[in-house]
Structures are given as structure tokens and as C-alpha cells.
Amino acid sequence: MTETRRASDRRFGLDRRHAWRRKNDGLRSATWDDQRAQFLTRYLFWALYLAYFNLGTPVARAWPGMIAVEIVGVLYFVVITAYLLHARRHMRSAVRWRLAMWTDLLMVSFSVMADSSPMSPAYLAYIMVILGNGMRYGMRLFAETLIGTFSLVAIITVVRFSSYLHALSAATLFFLAFFGIIILYAYSLMANIEKTREQLEVESNLDLLTGLLNRRGLRERSESMFHALDKNDHTVAVLFADLDRFKAINDVLGHHVGDHVLKEIGQIISGTVRDSDVAARFGGDEFVIIMPDTDIEQAGMVAQRLQAAVGQWSQAENIALSVSIGMGIAPAHGRDLESVLRCVDSAMYQGRQVDGRGGIRRAERELNPA
């Protein structure tokens, strides 16, 4: 039973390397500066909306429509302001992003419906909504916004079919055709840009030799785990593993053999940890494993499994290699990654000095940050 559960927790190859990027319902996180710029754009659209319907020649289809224009304008301002206040306290919120997107689409659709002109400039606001969400939150929200736009435009066309048919002209047809082509072309460009961006992100956070995260990816991936310590009573276990006699392998057998060893160790670590864990190559022959919701006893079991797997591999390959491991737990040994790493690195070093190579040693206490 234990082996079956352990096997189900494992994921090998590229799938596991990409799994850490899939978060918040598949949407890419936007910075506060990006989200603030998006809200400023919404307020600008709101001001243009009021100016377009209230200044100069009335463009609403009927005077009672102007009352609806003013009411919808006030409601939009209130709702968007509520979204902004929520964003200041909760920057990452997939639910808010989607609600704001649909609020924008419904506002633009109302503007098109209220406009007496079949070629309302509000159609251009659809493009702003699509690009604004796609460029900030990724292709999933881009596609959702695109589907929502075409669905709402189809409904508007059915509702206003008689007035559109009456005003039908070559200019109207070209306007609608270019509108659709621009949106589809923007989607194609965004798909290529997103694919390139994701590839660059993966390469910048992965150690290409072992397939594990590099130091940059480790810090980025573990940030949310340690941040959550302030909100609940969960624990985060950290293992610091250092290969024994690795320098001798490089010196005697050559660097190509050393690279092969590191690659194999990376695969062993990938097969030892869960999908929810974070494994990284920290330095030349140093590896770090971070395990959320894990106590020190469970961390010790993982360390023993890792040592046993390395021992079996080294014996099969006839290579003198073992691994020394230090382990600690947050928040007992620190509330951030750097603090815990100092403790577990010191524990690993002390264990190697006292017990010799191939040992496992717990961090005794939190070190003084000084």
C-alpha cells in the first residue's frame, strides 16, 4: 500500500518540471503595477463613455435611453471601484479577474446597444478588453474574453438586426470584417508571444542538466510556502543534500562522468519527492528539497529513502558516492528560506564532521541571523 501511494505521488520528466507553473486556475499572475494600469484604463473608458453620450449631439437611440446610460455609468464606476479596493488587499484573485472581465464586456455591450450608430466606437473597446486581459493574465483568459466578445456581439446583432440591415453598407461590412480579423490576428500573435514567454520562464528557472529547479526557481517557488506560515499553523520541512566524494569523481573519472552523476541524482530526487514538493539544484553538487505540510519525522523518512536510492544506484554503477543530508523545519528553524537553509546546511556539515559521510542530521535550533 505504501509503495502504491508513493508511486502515485511521483511524476517524471517534463510534466513534473512544468507542474509548478500551473497555479491560480491556470491564469498568469499580474503585478500590482499592471493591475493598477488596467484600472486606470477602465476609469478612462468610463470618462469617455460619459463624454460620448452626454456631450454634443445625443447619440443614444432614445431619450429614455439616456437615463439608462447614466444609471449604468454610475453602477460601473461603483463596481470597478469595489474591484480596485479588493485588488489592493488581495492582489491575486482569479475570481475577481473574471468578474472584472465580464463587467467590462457587459459595459461595452451596453454602450453598443445604446448607440444609435451601427458602427459604434464602443466596438474598439472590445479589443481593449481582450488585449488588456490576455496580455496580463495569459491565454486562458484571452480565450474566455474572445469567446465572450463574439457571443455578445452575436446577441447584439440579433437584437438590432433590423437597424443594422437598414444601415447596411460596404463601409459597415468592412468595419465588421476588420473588427473580427484584428481580434483573431491579435489572438494568434498573443499565442506565439505567450509560448515564447513560457519557454523563457521555464529555462530561466530550471537547471537544464538535472531537470530540477535552479536557485532562482527555488526561491520563486518556495516564496508562497513560507509566506503561508504567517496565516496558518502549517509546517515546511527542508532538506539540504550534499554529495560525498563528488570532487573525486570529477577529478578521476572526468567532468562528463560528473555531469552524468548529477543528471542521475536529479532523476532520483524527482522520483523521491511528491508533486507538491520543491526540488532544486542549489549549487554544484548541492540539492535542496522543500516539503510543505511535513513534520520532521516525515522529512527524516524522505531523507532515508533518498539515501537508500542513491546507495543502490552508486552500487549498481560501481561509483563511490553517498549523500549527506541536513534537515530542518519551518517555523522552528526560521520563518524564511534563507534562515532555514543556514540551519540545515550547518546541521549537514556538523553531521559530516561527527558521524562521517552519508549521515542524516537534524538542525538543533535556529541560528542567530547575525
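Summary of the structure given here. (Residues numbered from 1 in each chain as written. Predicted model: local features only at pLDDT ≥ 70, side-chain atom pairs only at ≥ 80, totals over all residues. Heavy atoms only, no water.)

## Describing the sheet that holds strand β3 (residues 286-292)
With mixed pairing, the five strands of this open sheet are ordered in space as β2-β3-β1-β4-β5. Across the chains shown, the open sheet's two edge strands, defined by having one partner strand only, are β2 (278-281) and β5 (360-362). Neighbouring strand axes in the sheet, compared pairwise and without regard to direction, differ in orientation by 15 degrees on average. Seen against the sheet, helix α12 (residues 255-272) touches β1 (236-244), β2 and β3 and runs at an angle of roughly 10 degrees to β3. Sitting on the sheet, helix α14 (residues 337-355) touches β1, β3, β4 (322-330) and β5, and the angle it makes with β1 is about 45 degrees. (Pairing = 2+ DSSP bridges. Helix = DSSP H or I, 4+ residues; strand = E, 2+ residues; numbered from the N terminus. Axes fitted to C-alpha atoms, helices over the stretch in contact; angles between N-to-C directions. Contact = heavy atoms within 4.5 Å.)

## A short note on the pairing of β1
Regular strands show a simple pattern: their side chains alternate between the two faces of the sheet. Buried residues dominate β1, accounting for nine of its nine residues. The two faces of β1 match: Val236, Val238, Phe240, Asp242 and Asp244 on one face and Ala237, Leu239, Ala241 and Leu243 on the other face are all buried. Where β1 and β3 come together, seven bridges link them in antiparallel fashion. Paired with Ala237 across the bridge in β3 is Met291. Pairing of β1 with β4, which is carried by nine bridges, proceeds in the antiparallel orientation. Bridging across to β4, Ala237 finds its partner in Ile329. (Buried < 20%, exposed > 50% of the residue type's maximum accessible area, 1.4 Å probe, protein only.)

## Looking at the packing of aromatic side chains
In this structure the tally under the stated criterion is eight aromatic pairs. Ring centres 6.2 Å apart and planes at 80 degrees place the aromatic pair Phe45 and Tyr76 in the edge-to-face group. Of this pair, Phe45 sits in helix α3 (residues 32-54) while Tyr76 sits in helix α4 (residues 63-89); the two residues are 31 residues apart in sequence, bridging distant segments of the chain. For the pair formed by Phe45 and Tyr76, the shared burial category is buried. Centre to centre, the rings of Phe240 and Phe282 are 6.0 Å apart; their planes meet at 70 degrees, and the pair counts as edge-to-face. In this pair, Phe240 is assigned in strand β1 and Phe282 in the loop between β2 and β3, connecting sequence segments 42 residues apart. Phe282 carries the same exposure label as Phe240, and that label is buried. Through pairs of rings, three or more aromatic residues link up here, namely Tyr43, Trp46 and Phe77. The ring centre of Phe39 lies 5.0 Å from the NZ or CZ of Arg42, which sits over that ring. Over the face of the ring belonging to Phe282 we find Arg215, whose NZ or CZ atom lies 3.9 Å from the ring centre. (Phe/Tyr/Trp six-rings, centres within 6.5 Å; stacked < 30°, edge-to-face > 60°. Lys NZ or Arg CZ within 6 Å of the ring centre and 35° of its normal.)

## Details of unusual backbone geometry
Trans is the prevailing form of peptide bonds, just as negative phi is the prevailing case for residues other than glycine. The amide bond that connects Ala330 to the next residue, Pro331, takes the cis arrangement and shows omega of 10 degrees. Mapped onto the fold, Pro331 is located in the loop between β4 and α14. We note that Arg245 has phi near 65 degrees; this positive angle belongs to a residue other than glycine. Among the secondary structure elements, Arg245 is positioned in the loop between β1 and α11 (246-253). Using a relative accessible area of 40% as the deciding quantity, one classes Arg245 as partly exposed. Despite not being glycine, Asn318 shows a phi value in the positive range, around 60 degrees. Position of Asn318 among the secondary structure elements: in the loop between α13 (296-317) and β4. With relative accessibility at 71%, the residue Asn318 sits in the exposed group.

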